[in-house]
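# Close look at the chain arrangement
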Amino acid sequence: MPTPDQDNQLRELVAHLQTIARPGVNLAAIPDGANLFEVGALDSLALVEIIMFLEQRHNIDFRRLAVDPKSLTSVREIMHLIARDAG
Amino acid sequence: MSPAHSAQRESPDAVDYTYAATKRLLLLASACALLLWHEKYAPWISGTGILLPIIPALVITAFFPKARQQILSGTAVLMLVYFLIRKEIGPDLLHQPTWASHAFDVLRALTWTAVVILGLYALFISIRVPQRQPSLIKRHGVLLLHFVICAMALTTPFWVATVLLPVMAWRLSYLIRSATLGDIAATKFSDHLFYLIPPFGSAFVPTPIGKNWTYLSRHDAQYHPRELARCQLAGLKLLALAAAWEIAGMALDVTFFGDTHNLMYILFGRSSLELPRLSAVLDHNITNAPVAVLSLYLELIYTALRIAAFGHIVVGSIRLFGFHIQRHVDKPLLSTSIIEFWSRWTFYYKEIINDFFFLPAFMALRSVDVRLRLFLAVYAAAFFGNIYFWILWNINKLLGMDWRAIVAQVECVAVYNFLLATGIYVSMVRQQRARKDASPPSPWAAARSIFGVATFYAVIHVWNIRDSSLGPIERLQWFIHLIW
């Protein structure tokens, strides 16, 4: 059961991803576990924006973590990282 | 990954058809026939024999699917032996007058095979479990690997160090990267042997198509019969598409460049426009605008056809074994931005530059201003990364030159990559701005973008032509003369 904090984080993340998604894509209609790059919702440049969002909003430092940023392909994966490593 | 890939281009009816066991034999026979065609006509592959061992491996895998890994590993080892013997004796392997006189060469090739496989095994064992990795490998494993490879290439007289290792460098880099992320702890050594098969991007081309076991296993369709049918059908289609691009390349060669050695020259009634290739346009300082401009665009199209045919053969073969991986080349000439073109031109090459240069640089520059951070990361990747990749790939050739010749070679590569990096950076910034405009571009705007992107790549390709003897300044002078 997600906590209210996690609900807020999820809403905020989806809202941010919507701003960097390809035109015409509705992220709310895509399942949480779907690979957003494979379904064509995001382009390769979006990864840079996701990294910056996680660094700035959640204080995640990829230099310290043994995480492949390219594994951040779905809303679920990103939420998992936030829950685990947010500073 | 492109949206087109995920759109599942194969129709459900065709998948159902392929799914039926008897039809799969038809698919297998078609694939073998196409591989034989490519062995004869494919660019860079023709006459090398490297596709032939894939045919029996495919046939055996069709009857013993559970033994796929073992079959592929065995094929990889046999091909490594073949590749090393060919290197020792020469390309005309099957027509040696006296094999006995080459007994020592064969023995040496077998010894090298054992050394390479044992070396790989030692590396695998030492990095497999993250907790047991030496801290230097854990922190700087890829950097250390490249330092060792460069040091060996520069100091060792053996061609295995100057040719084979630099080509294998990126496969090994992916292996180390997966190991530090803990992705290979549960794998066996044999899982990592099969991507040593030369046409899959090792010992032949340095780009590791299909990356590594971690990436391939994520795209493994073998355990879902319908997905496997879809994957193999997609592989067969790529092999057929590669044949179409080869024929189109031959037609272009004959129609415009007058290649008299081409079979189609006779079919086309021995007529041709006899246009010069771009290298000849540069070397003879041809500034006749229609000829020069046509040569610029034709060179880009011709190169795209050849690269697409090669990429489709490799990805098509890998898909036939049940790994539904992304295309290496995916309609680059229809790209509407410079960055999109770069991703579609040679996907797995772009991934190397992205994985080992762009992302590490971008993450390391966290404290830098956002715009400057992006700028530095792009140049670290598209400029420095590309030059390093090229030097490592050509290190054997460069070692045989004096320093002036080396500088002359690297100068053009540097100019080309500087222009490329600048284009990519500008394209990234424009793409970020374009996101604010939610409406998709009109067909006319998209057509203009496609033309603009093709023109950019056609022009910078002037500094990427290897056959011309001109230096970068002379090429710039030629270009200024052309547009003035």
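So, here is what we can say about the structure in this document.

## A short note on the pattern of salt bridges
Residue and element names in this part refer to chain B.
- The tally for this structure, following the rule as stated, stands at 13 salt bridges over all chains.
- Here Asp105 and Arg108 are joined by a salt bridge, their closest N and O atoms 3.4 Å apart. One end of the pair is Asp105 and the other is Arg108, both in helix α6 (residues 103–127) and three residues apart, which spans about a single turn.
- Given the relative accessible area of 15%, Asp105 is considered buried.
- When the shortest N-O distance is used, the salt bridge between Arg277 and Glu299 registers 2.8 Å. Taken together, the residues span a long stretch of sequence, with Arg277 in the loop between α11 (263–267) and α12 (278–283) and Glu299 in helix α13 (residues 289–320) at a distance of 22 residues.

## Description of the environment of Ala221 of chain B
Residue and element names in this part refer to chain B.
- Structurally, the position occupied by Ala221 is in the loop between α9 (213–218) and α10 (225–257).
- The exposure class of Ala221 is buried, given its relative accessible area of 6%.
- A sequence separation of 100 residues divides Ala221 from Phe321, and the C-alpha atoms of the two residues are 9.0 Å apart.
- Filtering out sequence-adjacent residues up to four positions away, Ala221 remains in contact with Glu227, Leu228, Cys231 and Gly322.

## Some words on the interface of chain B and chain A
- Each partner contributes residues to the interface: chain B has 28 residues there, and chain A has 31 residues.
- A buried area of about 2300 Å², summed over both sides, lies between chain B and chain A, and 56% of it is on carbon and sulfur atoms.
- Connecting chain B to chain A are two salt bridges.
- Here Glu55 of chain A makes a salt bridge to Arg373 of chain B, at a shortest N to O gap of 2.7 Å.
- Connecting chain B to chain A are three residue pairs in polar contact (both at pLDDT 80 or more).
- Here the side of chain B that touches chain A takes nine residues from helix α15 (residues 347–364) of chain B, the largest share from any one element.
- Across the side of chain B that touches chain A, the residue classes tally to 13 nonpolar, six polar and nine charged.

## A look at helix α19 (residues 443–460) of chain B
Residue and element names in this part refer to chain B.
- The terminal C-alpha atoms of α19 lie 26 Å apart, and with 18 residues this matches the ideal 26 Å at 1.5 Å per residue to within 8%.
- The set of residues buried in α19 consists of Ala445, Ala446, Val453, Ala454, Tyr457, Ala458, Val459 and Ile460.
- On the buried face of α19, the contacting elements are α13, α14 (338–345), α18 (403–434) and α20 (472–483).

Analysis parameters
- Residues numbered from 1 in each chain as written.
- Chains lettered and ligands numbered in written order.
- Predicted model: local features only at pLDDT ≥ 70, side-chain atom pairs only at ≥ 80, totals over all residues.
- Heavy atoms only, no water.
- Salt bridge = Lys/Arg side-chain N within 4 Å of Asp/Glu carboxyl O.
- Helix = DSSP H or I, 4+ residues; strand = E, 2+ residues; numbered from the N terminus.
- Buried < 20%, exposed > 50% of the residue type's maximum accessible area, 1.4 Å probe, protein only.
- Contact = heavy atoms within 4.5 Å.
- Buried area = accessible area lost by both parts, 1.4 Å probe.
- Polar contact = N/O pair within 3.5 Å; in protein donor to acceptor, adjacent residues only side chain to side chain.
- Nonpolar A, V, L, I, M, F, W, Y, C, P; charged D, E, K, R; others polar.
- Expected span 1.5 Å × (residues − 1).

From the geometry alone we can't say anything about function, so treat these as descriptive.
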